[in-house]
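Each chain, letter by letter, is given below.
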Amino acid sequence: MPCCDALCQYDTNKLVRIQSVRLGSLKWSLNAAILLFICILMLWNRKYQEFDLVVSSVTSKVKGVAQAHLPGDGDVVWDEVDYSGPWQDKNSFFVATNVIVTKDQKQGKCPQVPLKGRYCHSDKDCEKGAWDQQKHGIQTGSCVKFDILKKTCEVSAWCPIEKRTSPPRPAVLAAAENFTVLIKNNIRFPAFNFIRRNILPQMNDAYLRSCHRGNDSLCPIFRLGDIVREAGEKFSEMAIEGGVIGIQIKWDCNLDRLMQRCLPTYSFRRLDEKESNRTLYPGLNFRFAKYSMVNGVEERILYKVFGIRFDVMVFGQAGKFSFIQLIIYIGSTLSYYALTTILIDWLIGTSCYSADVGQNYSEKKVEAIRDSTKCILCVSYIDESNLRLVKRSHKKSLQDIRAMSLQQRMQEDSGYLKAIICLLQPDVDTNQDSQPLDRKVDSTSNPCPPSWCVCKCCAPSSVPQEQLCCRHSEGVCITSSPLFERLVLCRSLLEAVLLYKDPLSPSGGHFNATDLRHCAYRQYISWRFGVAPKDTHPAIPSCCVWRIRVEYPSPDGQYGGFRPALMASMQACADSDM
């Protein structure tokens, strides 16, 4: 059964082995270089390990005291409660660096601070109850004096309204540059059940009091000025409007026993847009108030605080040896060895080797197979030295089909034919080129030859591939040549060829007409085609076919006709006889 046969078969690739010291040395050199590259890549990127991503938590503690001069208040001391206080978020902390203070605000009515030159001239310009995002209160509908010359709409708000919009320069709390922050980072790799923190076991209290980043890259205490400087910024400039700094903690851990290492590395960068002229709302600021009761009236002090927010971002991975990952990596890198074959094939095809060597290698390595649906016929005319390759047509006669290509005829078998004639008929000249074709030997012209016949000896046929003459232009038929008689029709020669092929034939040298007729076909193919091009089917002219059939007729008068598969087998037999 075909299904069972397919299950019991094994297919493998065909290899071509070239015996060459130069190519062999090049192959092993390239393979060694590829192996070295694979090993280096495996060790450098730890491709033999299984990896797990970090799970992290971060806490921070800011320390420092600064004295700031506030207008109307004089010098004021700010500690960590004032400049950091409750403004910490998850994985981040805030430090105030600049401030605008508006004192003694009470609930009441006062003129709105003019925004972008927006003034009023009468009460009609002020809509009662109106409010927008840039105003500090709700309009009462009255237009009142803002100063001696200008009027603005009156609002119900906390009065007096904050008047200053730009932050002080230099920053009020510029001393925050010397503040320090202790960052505590706890990590875990769930796949390996491994826990670690950035405060290492050997770090005691004395170490934390004395360490600084300048001489110890693992110190978890950082000076704010150093963080901003390593981010590529100047603290004095950034402190004016504020901003956002990213603190990146990277864990790249190797958990193999012989090479265990799991230490953090710190890096810093600015996260927000720093140029005020390119940003609509530059920096970072917010407002808060401190409330009090004075003579039974609630008052407040409004603070507009500018500062720097530090976002702590933790990322990383841990790797541990895994046999499965090692096998996967080895399997994925085996394809790299194909580069050796590609390079050597390219070198053979270039000028590094002669054209003959490249052609020979290409023929051995690549086997060209024609499309089985396209039958290519090979035609040999007596008045042309080359063979014609044509496509078979079911409508057009073979004589009239235009050739796809021309190929030189292989002459290896001419010596074989000459040798046979010399042995059987020593008095016959075997040089076919010197034999005149005007000597007719039992050749009968057809009084009504078909339109495609030019030798006047072909028989009509309704099959297009059988409509072929021995000549391309008008002239004498090849069947008139004495050499055709000796090579194709001679009974003793055909019997000798059949005995040569099968010395123990049961016929004892007496062959029937069918065997002799088929042998005559093979003799003609060997004589006129030599070794036919691969994957082609030799076509015997109609005049030759009928001359052979007249000499060796079928007992019932029935013939199979031209069949390409049969002609191919005849050609194979002719080649095997060689």
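In what follows, the accompanying structure is described. Counting starts from 1 at the beginning of each chain's written sequence and moves along it residue by residue. Where totals are concerned, whole chains, interfaces and linings use all residues; where local detail is concerned, this predicted model gives features only for residues with pLDDT of at least 70, and gives and counts side-chain atom pairs only at 80 or more. Values reported for side chains reflect all heavy atoms of the structure, with hydrogen atoms and water molecules removed beforehand.

## Describing the state of the cysteines
Cysteine sulfur atoms are paired as a disulfide whenever they come within 2.5 Å of each other. Following the criterion strictly, the structure yields five disulfides and no others. The disulfide partner of Cys110 is Cys159, and the S-S distance across this bridge is 2.1 Å. Across the disulfide from Cys110 to Cys159, rotation about the S-S bond amounts to roughly -80 degrees, and the bridge is consequently left-handed. With Cys110 in strand S5 (residues 92-111) and Cys159 in strand S7 (residues 151-159), the pair connects residues that are 49 residues apart, well separated along the chain. With respect to burial, Cys110 and Cys159 carry one shared label: buried. Across a sulfur-sulfur distance of 2.1 Å, Cys211 and Cys219 are joined as a disulfide pair. Between Cys211 and Cys219 the disulfide shows an S-S torsion of about 55 degrees. By sign, it is right-handed. The same class applies to Cys211 and to Cys219, which are both buried. Sequence-ordered numbering of the disulfide-bonded cysteines in the protein gives the connectivity 1-6, 2-4, 3-5, 7-8, 9-10. Numbering of helices and strands runs from the N terminus, with a helix taken as a DSSP run of H or I at least four residues long and a strand as a DSSP run of E at least two residues long. Partly exposed residues are those whose accessible area sits between 20% and 50% of the maximum for their type, while under 20% is buried and over 50% is exposed, using a 1.4 Å probe and protein chains only.

## Some remarks on the nonpolar core
By nonpolar core is meant a set of buried Ala, Val, Leu, Ile, Met, Phe, Trp, Tyr and Cys residues that side-chain atoms within 4.5 Å join together. Judged by nonpolar contacts, the single largest core of 48 residues is most densely connected at Phe93, Val95, Phe189, Leu224, Ile227 and Phe310. Per element, the largest residue contribution to this core is six residues, and it comes from strand S14 (residues 297-321). By the convention used here, residues are in contact when the closest approach between their heavy atoms is within 4.5 Å. In contact with Phe189, not counting residues within four places along its chain, are Asp52, Leu53, Val54, Phe194, Cys253, Cys262, Gln317 and Ala318. In this structure, Ile376, Leu498, Phe511 and Cys544 belong to the second largest nonpolar core, which totals 39 residues.

## Concerning the pattern of salt bridges
Salt bridges, as used here, are contacts in which a Lys or Arg side-chain nitrogen is within 4 Å of a carboxyl oxygen on Asp or Glu. Per the stated rule, a full pass over the model turns up 15 salt bridges. In this structure, Arg46 and Asp252 form a salt bridge, with 3.3 Å as the shortest nitrogen-oxygen distance. One end of the pair, Arg46, is in the loop between helix H2 (21-45) and strand S1 (49-53); the other, Asp252, is in strand S11 (residues 243-254), and 206 residues separate them in sequence. A salt bridge links Glu162 to Arg287; the nearest nitrogen and oxygen atoms lie 2.9 Å apart. Remark: Arg287 occurs in strand S13 (residues 285-294) and Glu162 occurs in the loop between S7 and strand S8 (180-189); sequence separation between them is 125 residues. By relative accessible area, which is 5% here, Glu162 ends up buried. What you see here is one network of salt bridges that share partners, running through Glu177, Arg223, Asp226 and Arg229.

## Points about the packing of helix H11 (residues 482-489) against helix H12 (residues 491-501)
Only the stretch in contact is used when a helix axis is fitted, and all axes are lines through C-alpha atoms; the angle between N-to-C directions ranges over 0 to 180 degrees. Interaxial distance between H11 and H12 falls to 6 Å at its minimum, and their mutual angle equals 35 degrees. Between H11, through Arg486, Leu487, Val488 and Leu489, and H12, the contact on the second element is made entirely by Arg491, Leu493 and Leu494. Class assignment of the residues belonging to the contact of H11 with H12 gives a composition of five nonpolar, no polar and two charged. Each residue is assigned to one of three groups, with Ala, Val, Leu, Ile, Met, Phe, Trp, Tyr, Cys and Pro labelled nonpolar, Asp, Glu, Lys and Arg labelled charged, and all others, Gly among them, labelled polar.

## Some points on the packing of aromatic side chains
Within 6.5 Å between ring centres, the rings of Phe, Tyr and Trp (the latter by its six-membered ring) count as paired, and their orientation is classed by plane angle as stacked under 30 degrees, edge-to-face over 60, tilted in between. Scanning the model with the defined rule gives 14 aromatic pairs in all. Summarising the aromatic geometry, the rings of Phe222 and Phe268 are spaced 5.9 Å apart at their centres and angled 75 degrees between planes, so their arrangement reads as edge-to-face. Of the two residues, Phe222 sits in strand S10 (residues 221-223) while Phe268 sits in strand S12 (residues 264-270), which places them 46 residues apart along the sequence. The exposure class of Phe222 is buried, given its relative accessible area of 2%. Ring centres of Phe484 and Tyr524 lie 6.3 Å apart, and the angle between their planes is 70 degrees; on these two criteria the pair is classed as edge-to-face. Of the two residues, Phe484 is situated in helix H11 and Tyr524 in helix H13 (residues 513-529); the sequence distance between them amounts to 40 residues. Summarising the burial analysis for this pair, Phe484 and Tyr524 share the class buried.

Geometric values such as these leave the question of function open.
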